[in-house]
Amino acid sequence: MIYQKRATAHLWRTRCSLYSDANTCIALSICALLKQVSLNLQMPEQSQAIVIYTGWERHALVGSDIRLSCSFFSWRWTSEDVTFSWTYRPDGSRDSISIFHYTGGVAYVDNKGPFRDRLEFVGNPSRRDGSILLKNLDFSDNGTFTCDAKNPPDIVGRPSSVRLLVFEKVPIQAGVITGAIIGVVLGLLVLIVVIYYLMRFLVARRVFSLSVRSVPGPWLGALCQWGLCQGRELKPEPIPGTDTCVAKLA
Amino acid sequence: MLLILLGVLILHLLILILLIVSTAVSAWSVTGGSTTDLWYSCLTNNGGYHCRPASNEDWIQAVQALMILAVLFCFFSLVAFLYQLFKLVKGGRFFFTAIFQILASLFVMCAAIIYTVMSPDDADKAFGYAYVLAWVAFPLSLISGLIYIVLRKKE
């Protein structure tokens, strides 16, 4: 042990003798040491990890049912020993309770905990689907549900959590959106009709005069196409010496 | 000319009847013994016929609104057709009739598409005859609108 210490001290000294400043030498040595340590602790390759997908948050009404979906991605084929397990942690509590486990082709649902007789397995393990159905929700079911899936030999992965929020109010009343859509469309129709007749009325009253000198030809043609010329003949006459036309109603 | 007008009018009335039946009857989905959507969800027991209001989700309300608008626009198109039949100048086209009829077909298409996409797919849920009528009314009204664009008043 003492020999080792002396040898290390000698090594440090010989290394540091190459540098002029002792502090720089020590800092560089520490950096090299940390780099060596981090190389040893490198993360395992991501290409072999299993990735689990659930939702982020789910909203439901009191008394309704909800389907919590859980699926996973794995580079290996779905094995026969695939397992799914769901755990539940109520809001404000630090303990999780296991409520569902699927293994060996058999689904084991909760028969003692808070979800007894309310939990049903609706997933398809051969299709990597481990979804569960919770029935007759209550406010005490608010909490975080965590799904963990394992596909042997691909077992390294992080469980994924979905948060359940149970509401009391009905989101929207019947007929509100229906009435709104119908009202908006019919209102637009009435508006278009009113604007059309208003334009015709204004032109008939000669509020919009059509004998202005500087109105170019194509604009007159467009106005007449819209029916604002009241069916009369419109003859554009060029002003001698210029490029503009004057429209005179026949 | 008279035959063409009569044929077009009969087609228009047929489309209007199809749309009214599809909107009014609550048979867009059939599940076992019960029919659902758009307005009521009715169950046929051996005792009787029990109905409760259909679920008031956003997409069902949108489908209701679009079907009602399609019926209204088809009716406006019929009124415009009868009006323009007597008031149109020689050689004129049934412009407003075509516009309303094509808008009605657009609304039916949107309603049918929304219902198809958003209806929850249970195992034993099938589409009812009102849904089929809506899909039949869409190409018929589109064809009718296009006929009105092409049609010209002669004589």
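Keep in mind it's a predicted model, so treat the numbers as computed, not measured. (Residues numbered from 1 in each chain as written. Chains lettered and ligands numbered in written order. Predicted model: local features only at pLDDT ≥ 70, side-chain atom pairs only at ≥ 80, totals over all residues. Heavy atoms only, no water.)

1. Structural notes on the overall build of chain A
Across its full length, chain A carries four helices and 13 strands. Here the contacts in chain A between residues at least 6 apart in sequence split such that 55% fall between residues at least 24 apart. (Helix = DSSP H or I, 4+ residues; strand = E, 2+ residues; numbered from the N terminus. Contact = heavy atoms within 4.5 Å.)

2. So, the packing of helix 3 (residues 95-118) of chain B against helix 4 (residues 129-150) of chain B
Residue and element names in this part refer to chain B. Orientation of helix 3 relative to helix 4, taken along the N-to-C sense of each, is 155°, at an axis distance of 8 Å. Looking at the two axes, helix 3 sits roughly antiparallel to helix 4. Taken as a pair, helix 3 and helix 4 cross one another with a handedness that is left-handed. On helix 4, the residues that touch Thr 97, Ala 98, Gln 101, Ile 102, Ser 105, Val 108, Met 109, Ala 112, Ile 113, Tyr 115 and Thr 116 of helix 3 are Tyr 131, Ala 134, Trp 135, Phe 138, Ser 141, Leu 142, Ser 144, Gly 145, Leu 146, Tyr 148 and Ile 149. Split into classes, the residues belonging to the contact of helix 3 with helix 4 amount to 15 nonpolar, seven polar and no charged. (Axes fitted to C-alpha atoms, helices over the stretch in contact; angles between N-to-C directions. Parallel < 35°, antiparallel > 145°, perpendicular 65-115°, else oblique. Left-handed = near helix turned anticlockwise from the far one by under 90°. Nonpolar A, V, L, I, M, F, W, Y, C, P; charged D, E, K, R; others polar.)

3. A short note on the layout of surface pockets
A probe matching the size of a water molecule, rolled over the atoms, marks out where space remains unfilled. Put simply, the largest pocket is a space of about 930 Å³. Tyr 196 and Tyr 197 of chain A together with Tyr 83, Gln 84 and Phe 96 of chain B are the residues nearest the centre of the largest pocket, which is lined by 21 residues in total. Elements with a minimum of two residues in the lining of the largest pocket: helix 3 (176-204) of chain A together with helix 2 (58-87) and helix 3 of chain B. Residue classes in the lining of the largest pocket are distributed as 16 nonpolar, two polar and three charged. (1 Å grid on protein atoms, 1.4 Å probe; cavity = no way out; pocket = protein on both sides within 12 Å on 5 of 7 lines; lining within 4 Å. Points joined across faces, edges and corners; volume = space filled by probe spheres on them.)

4. Structural notes on the interface of chain A and chain B
Facing the 13 residues of chain A at the interface are 13 residues of chain B. Both sides of the chain A and chain B interface together cover about 1100 Å² of buried area, and 77% of this is carbon and sulfur. Of all residues in chain A, the largest losses of buried area upon contact with chain B belong to Thr 178, Ile 182 and Leu 189 of chain A, amounting jointly to 38% of the total for that side. Linking chain A with chain B are zero salt bridges, by the criterion used here. Linking chain A to chain B there are five residue pairs in polar contact (both at pLDDT 80 or more). A breakdown of the residues in the side of chain A that touches chain B according to their chemical character gives ten nonpolar, three polar and no charged. (Buried area = accessible area lost by both parts, 1.4 Å probe. Salt bridge = Lys/Arg side-chain N within 4 Å of Asp/Glu carboxyl O. Polar contact = N/O pair within 3.5 Å; in protein donor to acceptor, adjacent residues only side chain to side chain.)

5. Some thoughts on unusual backbone geometry
All names here are of chain A. The residue after Pro 152, namely Pro 153, is reached through a cis peptide bond having omega 0°. Tracing the sequence through the fold places Pro 153 in the loop between strand 10 (143-150) and strand 11 (160-167). Its identity is not glycine, yet Asn 136 carries a phi of approximately 55°, on the positive side. Note on Asn 136: relative accessible area 48%, which makes it partly exposed. (Buried < 20%, exposed > 50% of the residue type's maximum accessible area, 1.4 Å probe, protein only.)

6. Section: the UniProt feature "transmembrane region" (unreviewed entry) in chain B
UniProt records the feature "transmembrane region" (unreviewed entry) for residues 62-83, 95-117 and 129-151 of chain B in the present numbering. Regarding residues 129-151 of chain B, the helix share stands at 96% and the strand share at 0%, and the terminal C-alpha atoms are separated by 32 Å. (UniProt positions renumbered as here; feature names shortened; annotations may be inferred.)

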